[in-house]
Number of protein chains: 2
Amino acid sequence: MKLKDIGERKLTYGITSELSIPFDDCAYLERDGYYEVMTTDMVNSRTHFPENTPFHHMGWYAMAVNISDLAAKGAEPLAYLVAMGLPRDMEEEGYNEIMRGMQECVKKYGGKIVGGDTKEADGVIIAVAAIGKVKREEFMPRLGMKEGDAVYVTGELGRGGVALRESNIDDLLLIEPRVREGRILASSRKVNACMDLSDGLASSLHQMMRINNLGFRIYGDAIPVCEKAKKYDDAMNLALYHGGDYELLFTMQEEYENEIKERINIIRIGEVVEERKVVLVVNGEEKEMRNEGYEHFR
Amino acid sequence: MKLKDIGERKLTYGITSELSIPFDDCAYLERDGYYEVMTTDMVNSRTHFPENTPFHHMGWYAMAVNISDLAAKGAEPLAYLVAMGLPRDMEEEGYNEIMRGMQECVKKYGGKIVGGDTKEADGVIIAVAAIGKVKREEFMPRLGMKEGDAVYVTGELGRGGVALRESNIDDLLLIEPRVREGRILASSRKVNACMDLSDGLASSLHQMMRINNLGFRIYGDAIPVCEKAKKYDDAMNLALYHGGDYELLFTMQEEYENEIKERINIIRIGEVVEERKVVLVVNGEEKEMRNEGYEHFR
């Protein structure tokens, strides 16, 4: 069987089968009273970036996707290791621009780059390992949602899909990980389960369904479709089935909603149900939300 | 200026310019009484591996080079994050073999793989981030050697050079990081400076010279050239100017030599001198050791 027939998530699970926290794409080491959360994400110029992507944007993006994984656990970013593969014939300016993009992102979201490696490669390949910190009782796992929980997202969806369609490199790559939102949610200690939406809403809901062995009822009307997506006739598809949104998806008891809303923008889009299905309610009609989104090797 | 005119070490230094420990290729986070040591190294099929390299060996090697960096700091391996770029058309068997190579290496040297990522790429690219632990007062830095220190290596040199020349894939890639030796040296608290010899002895001595602003006098007769290298007329060159040896290079006061020798094999090859030069003494004659070895982009 070839890797393209297996898909990224199953392959990655192969690596992380000894994960301390099953089903989370962050791992952790336990410390006195807190978790050191660790994650790694690799991006490369061949599969992640449109042609003519500025090197600066590559650097920002490589860092930001890792920070987003920390944010989804409620962790405060601490440190990064950066391993880069670069072409021999690349100009120094390109390298400097990648570093500038990374440093800007780190400056905005916290932590620092503490180690690195550079090697020759055919294209630009950047693997960041990010390390963050969160109190044990504030850690937001993927596994933990409860039947009856309300389901929330932290902002508008469809940006990633529109950006790809319109080749808007800024919107596509200068993503803004929800570190502040993640910290506020985590410190409230009300969140039962959380992940980021980098794979798209539909795919993320399906992953959460499998992990938690519970289902979702999602209300189409409630989904916060971004302005830029609304001009397209398939706006809802852009919001559901495209990766590249870096909002957080989480569940908690609805009674805490106002308390959280005083501090950050969250939108309730549905609820956790017993039946292991992802149901989308549109105009009072129930449909099944397809398990589609972005996955590498597919 | 192109990257090939700059070279790996300077580029990597660009990433790590905010390093907590200047000049070390491991970074650290300070914990109660100990350091958490972190390092990352990327390998890829295009530049690191001869054609027909078994996937298993790629996995072992990718892990082992990182573990060697921990060993050189005296750290005990704790955890690894693995980011892999793999071709779409690769067979699943290849992926499994890479994982098997990694797991065997981890099983032998300690720690565990706690997180990972897989992405599409043109070849096999593996970036491991390794995290280890060492008591603060046992950490072995690169910066710290003293004039009058004796200079040691932990084993025979030239293996890597011969393996490359003879295309001996086992010797080249199934390297054995000196974790046990590193721990014994570190816990003795006698070592003033240490690094591994992955770049070759000559290159490593020159790096240590620059970092410490001190020089070396190395005795050609004392250099432990491995048996396999001795059959070549340029045996000494193989031991000095080729990368791929993963012994440790360290300095300490000579008076502690016997104490250490009771536990591990170490060979004294020279001494630290004030003059900022690397001198090789052969047949009573002093020559300058060239700053040559393996470096990416060069």
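Residues numbered from 1 in each chain as written. Chains lettered and ligands numbered in written order. Predicted model: local features only at pLDDT ≥ 70, side-chain atom pairs only at ≥ 80, totals over all residues.

K.L.:
Looking at this structure, how should I read the overall build of chain A?
P.N.:
When helices and strands are counted, chain A shows 10 helices and 12 strands. On C-alpha atoms alone, chain A measures out to a radius of gyration of 19 Å, which is about the 19 Å that the 2.2 N^0.38 rule sets for 298 residues. Counting only C-alpha atoms, chain A reaches 60 × 50 × 45 Å along its principal axes. (Helix = DSSP H or I, 4+ residues; strand = E, 2+ residues; numbered from the N terminus. Rg over C-alpha atoms; globule rule 2.2 N^0.38 Å.)

K.L.:
Help me understand unusual backbone geometry, please; the structure alone is not making it clear to me.
P.N.:
The phi torsion at Arg 189 of chain A lies on the positive side, around 60°, for a residue other than glycine. Position of Arg 189 of chain A among the secondary structure elements: in the loop between α6 (179-188) and β7 (193-196). Of note in the backbone geometry, Asn 213 of chain B takes a positive phi value of approximately 55° without being a glycine. The topology assignment puts Asn 213 of chain B in the loop between α7 (201-212) and β8 (215-219).

K.L.:
How should I be thinking about the interface of chain A and chain B in this particular structure?
P.N.:
Listed as interface residues are 55 residues of chain A and, on the opposing side, 55 residues of chain B. Secondary structure elements with two or more residues in the side of chain A that touches chain B: α1 (8-15), β1 (27-30), β2 (34-44), β3 (76-86), α3 (92-109), β4 (112-120) and β5 (125-135) of chain A. Its residues placed into classes, the side of chain A that touches chain B shows 27 nonpolar, 13 polar and 15 charged. (Contact = placed C-beta atoms within 7 Å. Nonpolar A, V, L, I, M, F, W, Y, C, P; charged D, E, K, R; others polar.)

K.L.:
In this structure, what is going on with the environment of Phe 49 of chain B? I would like to understand it.
P.N.:
All names here are of chain B. Structurally, Phe 49 is set in the loop between β2 (34-44) and α2 (55-72). The exposure class of Phe 49 is buried, given the 21 C-beta atoms found within 10 Å. Sequence separation between Phe 49 and Leu 172 is 123 residues; the distance between their C-alpha atoms is 9.1 Å. (Buried ≥ 20, exposed ≤ 12 C-beta atoms within 10 Å, placed from the backbone.)

K.L.:
Hey, could you run me through the packing of α2 of chain B against helix α3 (residues 92-109) of chain B in this one?
P.N.:
All names here are of chain B. Two elements in contact, α2 and α3, have axes whose closest approach is 6 Å; the angle formed by their N-to-C orientations is 35°. The chirality of how α2 crosses α3 is right-handed. Mapping the contact onto sequence places Phe 55, His 56, His 57, Met 58, Gly 59, Trp 60, Ala 62, Met 63, Ala 64 and Ile 67 in α2 and Gly 94, Glu 97, Ile 98, Met 99, Arg 100, Gly 101, Met 102, Glu 104, Cys 105, Val 106 and Tyr 109 in α3. Across the contact of α2 with α3, the residue classes break down as 13 nonpolar, five polar and three charged. (Axes fitted to C-alpha atoms, helices over the stretch in contact; angles between N-to-C directions. Left-handed = near helix turned anticlockwise from the far one by under 90°.)

K.L.:
Looking at this model, I keep getting lost on the relation of the copies chain A and chain B. Mind explaining?
P.N.:
What relates the two chain copies is a rotation about an axis together with a slide along it. Structural alignment of chain A on chain B gives an RMSD of 0.0 Å, achieved by rotating through 180° and translating 0.0 Å along the axis. Expressed as an axis order, the relation between the two copies is that of a two-fold axis. Most of the interface of chain A is mirrored in chain B, where 100% of its interface residues again form contacts. (Least-squares fit on C-alpha atoms with pLDDT ≥ 70 in both.)

K.L.:
Is there a simple way to think about the domain arrangement of chain A in this case?
P.N.:
Residue and element names in this part refer to chain A. Entries for chain A in the domain assignment read domain 1 (3-137) and domain 2 (141-288). Between domain 1 and domain 2, the C-alpha centre-to-centre distance is 22 Å. Contact residues are listed per partner, giving 23 residues for domain 1 and 23 residues for domain 2. Looking at the side of domain 1 that touches domain 2 element by element, the count peaks at 10 residues for helix α2 (residues 55-72). Considered class by class, the residues forming the side of domain 1 that touches domain 2 number 14 nonpolar, five polar and four charged. (Domains from an automatic or database assignment.)

K.L.:
Would you mind showing me how to read the pairing of β4 of chain A here?
P.N.:
Successive side chains on a regular strand alternate, one facing one side of the sheet and the next facing the other. Residues and elements named next belong to chain A. Summarising burial for β4: eight of the nine residues are buried, a large majority. Inspection of the sheet shows β3 paired to β4 by eight bridges, in the parallel sense. In the sheet register, Tyr 80 faces β4, and the bridge partner there is Ile 113. In terms of handedness, the path from β3 via α3 over to β4 forms a crossover that is right-handed. (Pairing = 2+ DSSP bridges. Right-handed = clockwise from strand over helix to strand, strands pointing away.)

K.L.:
What should I look at first to understand the sheet that holds β5 of chain A in this one?
P.N.:
Hydrogen bonding along the main chain pairs the strands of a sheet, whether they run parallel or antiparallel. Residue and element names in this part refer to chain A. One open sheet holds the five strands; their spatial order is β1-β2-β5-β3-β4, and the pairing between them is mixed. The sheet terminates laterally at β1 and β4, the two strands that pair on one side only. On average, each strand axis in the sheet is inclined to that of its neighbour by 15°, with strand direction left out of account. Against the sheet, α3 touches β3 and β4, its axis set at about 170° to β3.

K.L.:
Sorry if this is basic, but what is going on with α7 of chain B here?
P.N.:
An α-helical turn contains 3.6 residues, so any two residues separated by three or four positions project in the same direction. All names here are of chain B. Relative to the 16 Å expected for 12 residues at 1.5 Å per residue, α7 spans 16 Å between its end C-alpha atoms, a close match to the ideal helical length. Along α7, the positions that sit buried rather than exposed are Leu 201, Ala 202, Ser 203, Ser 204, Leu 205, His 206, Met 208, Met 209 and Asn 212. Remark: Asn 213 follows α7 within two positions and exhibits a positive phi of approximately 55°. (Expected span 1.5 Å × (residues − 1).)

K.L.:
Before we go on, may I ask you to explain the environment of Thr 12 of chain A in this structure?
P.N.:
As for its placement among the helices and strands, Thr 12 of chain A is situated in helix α1. In this structure Thr 12 of chain A touches Gly 116, Asp 117 and Thr 118 of chain B, once residues within four positions along its chain are discounted.

K.L.:
Looking at this model, I keep getting lost on helix α7 (residues 201-212) of chain A. Mind explaining?
P.N.:
Counted residue by residue, α7 of chain A has nine buried out of 12 residues, so it is predominantly covered. Of the surrounding elements, those touching the buried residues of α7 of chain A are β7, β8 (215-219), α9 (235-241), β9 (248-252) and β11 (278-282) of chain A.

K.L.:
Help me understand the nonpolar core, please; the structure alone is not making it clear to me.
P.N.:
Within soluble globular proteins, side chains that are nonpolar generally end up buried alongside one another. One finds Tyr 80 of chain A together with Tyr 80 of chain B to be the most contacted residues of the largest nonpolar core, which totals 198 residues. Those residues in contact with Tyr 80 of chain A, other than ones at most four positions away along the chain, are Met 63, Val 106, Gly 111, Ile 113, Val 114, Val 128, Ala 129 and Ala 130 of chain A. (Core = buried A, V, L, I, M, F, W, Y, C linked by C-beta atoms within 7 Å.)

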